[in-house]
Amino acid sequence: MNLYNLIIQDKEQIHINDVFLNATNRNLLIQLIKEHAYVKELQEYGLPVNNKILLQGSSGCGKTMTAKAIAHALGKNIIILNLSNIVSSRIGETSQNIKMIFDKAARERSVLFLDELDQIGKARGSDDKDVGEMRRLVNTLIQLIDYYPENALLLCATNHPEIIDTALLRRFQLKVNYEMPSSEFLDTFYDQLLSRFPDDLNTIERRYAISFAEAKDHALTSVKAALIRKLEAKEISRS
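So, here is what we can say about the structure in this document. (Residues numbered from 1 in each chain as written. Predicted model: local features only at pLDDT ≥ 70, side-chain atom pairs only at ≥ 80, totals over all residues. Heavy atoms only, no water.)

**Examining the environment of Ser-95**
Of note, Ser-95 is situated in helix α4 (residues 91–108). In the structure, Ser-95 is positioned 39 residues away from Met-134 in sequence and 9.6 Å away in space, judged by C-alpha atoms. Setting aside its immediate chain neighbours within four residues, Ser-95 contacts Leu-137 and Thr-140. (Helix = DSSP H or I, 4+ residues; strand = E, 2+ residues; numbered from the N terminus. Contact = heavy atoms within 4.5 Å.)

**Focus: the sheet that holds strand β5 (residues 174–178)**
Pairing is parallel across the open sheet formed by 5 strands, whose spatial order is β2-β3-β4-β1-β5. The open sheet has two free edges, formed respectively by β2 (78–82) and β5, since each of these has just one partner strand. Shown here is a sheet whose adjacent strand axes are inclined to one another by a mean of 15 degrees, direction ignored. Bridging between strand β1 (residues 52–57) and strand β4 (residues 153–158) involves 5 bridges; their strand directions are parallel. Across the sheet, residue Lys-52 finds its bridge partner in β4, namely Leu-154. (Pairing = 2+ DSSP bridges. Axes fitted to C-alpha atoms, helices over the stretch in contact; angles between N-to-C directions.)

**As for the packing of aromatic side chains**
Under the counting rule described, the total for this entry stands at 8 aromatic pairs. Taken together, a centroid distance of 5.6 Å and an interplanar angle of 45 degrees make the contact between Phe-20 and Phe-212 tilted. Placement of the pair is Phe-20 in the segment before α1 (23–37) and Phe-212 in helix α9 (residues 212–238), with a sequence separation of 192 residues. Exposure remark for Phe-20: the relative accessible area of 13% places this residue in the buried category. Of the residues examined, Phe-212 reaches a relative accessible area of 8% and is grouped as buried. (Phe/Tyr/Trp six-rings, centres within 6.5 Å; stacked < 30°, edge-to-face > 60°. Buried < 20%, exposed > 50% of the residue type's maximum accessible area, 1.4 Å probe, protein only.)

**Observations regarding helix α7 (residues 183–194)**
A rise of 1.5 Å per residue sets the reference length of α7, with its 12 residues, at 16 Å; its end C-alpha atoms lie 16 Å apart and thus fit the reference within 8%. When α7 is considered as a whole, its buried residues turn out to be Leu-186, Phe-189, Tyr-190, Leu-193 and Leu-194. For α7, the angular spread of the buried residues around the axis is 115 degrees, confining them to a single face. Buried residues along α7 sit against α8 (199–202) and α9. (Expected span 1.5 Å × (residues − 1). Arc of directions from axis to C-beta.)

**Points about the pattern of salt bridges**
Per the stated rule, a full pass over the model turns up 6 salt bridges. The residue Lys-104 makes a salt bridge to Glu-108 at a minimum N-O spacing of 2.9 Å. Remark: Glu-108 and Lys-104 occur in helix α4; sequence separation between them is 4 residues, near one turn of the helix. You can call Lys-104 buried: its relative accessible area is 18%. (Salt bridge = Lys/Arg side-chain N within 4 Å of Asp/Glu carboxyl O.)

What follows is the structure in structure tokens.
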């Protein structure tokens, strides 16, 4: 398995203001971006820079968008790995390949984004099927995080922080929690998303108690259906 082939190539540029975040998360992330913008100045005062961040919580609520937005704000390349896709039956090979990616990100001072951290970061010994090789994989990951340089940025994401090894969790200086959006927050999201469409297309049935990703899919599907009905009506009127 060549891990370089599993790097997700994504050139999408997202501004931090385009990510729907509550006030607490927005303030945390703006502070993070500013720390890395002034990293040299902070280091002159012996102040550590947070560079190991865990984005945790509900799926579809903006973790991946956040990582892309931070990379864009810092003008850095982003390396995206989905860890659910890379675990090989040959665990030693997996460890070696992960180390190669950490080395690449550190060398290039990129933003390294590891999605679905729980796939290889599960608590050691928590599963009857757990084997020594998997425990060593977690140990390797912990060591890589420990020695990750301060001038590079590591972002990890998980929907299940409760199953991640506690020693691994302690390595993250900052933990950002993502929750399902409230109805009021979703209304703001719908308003912004639909504002670019004419009035006869943006009046849709709004769904709630869903993630931002689900709301976006629902809204755009509804707009497309309305547009198709409008076009079909025009064709009928001309016939």
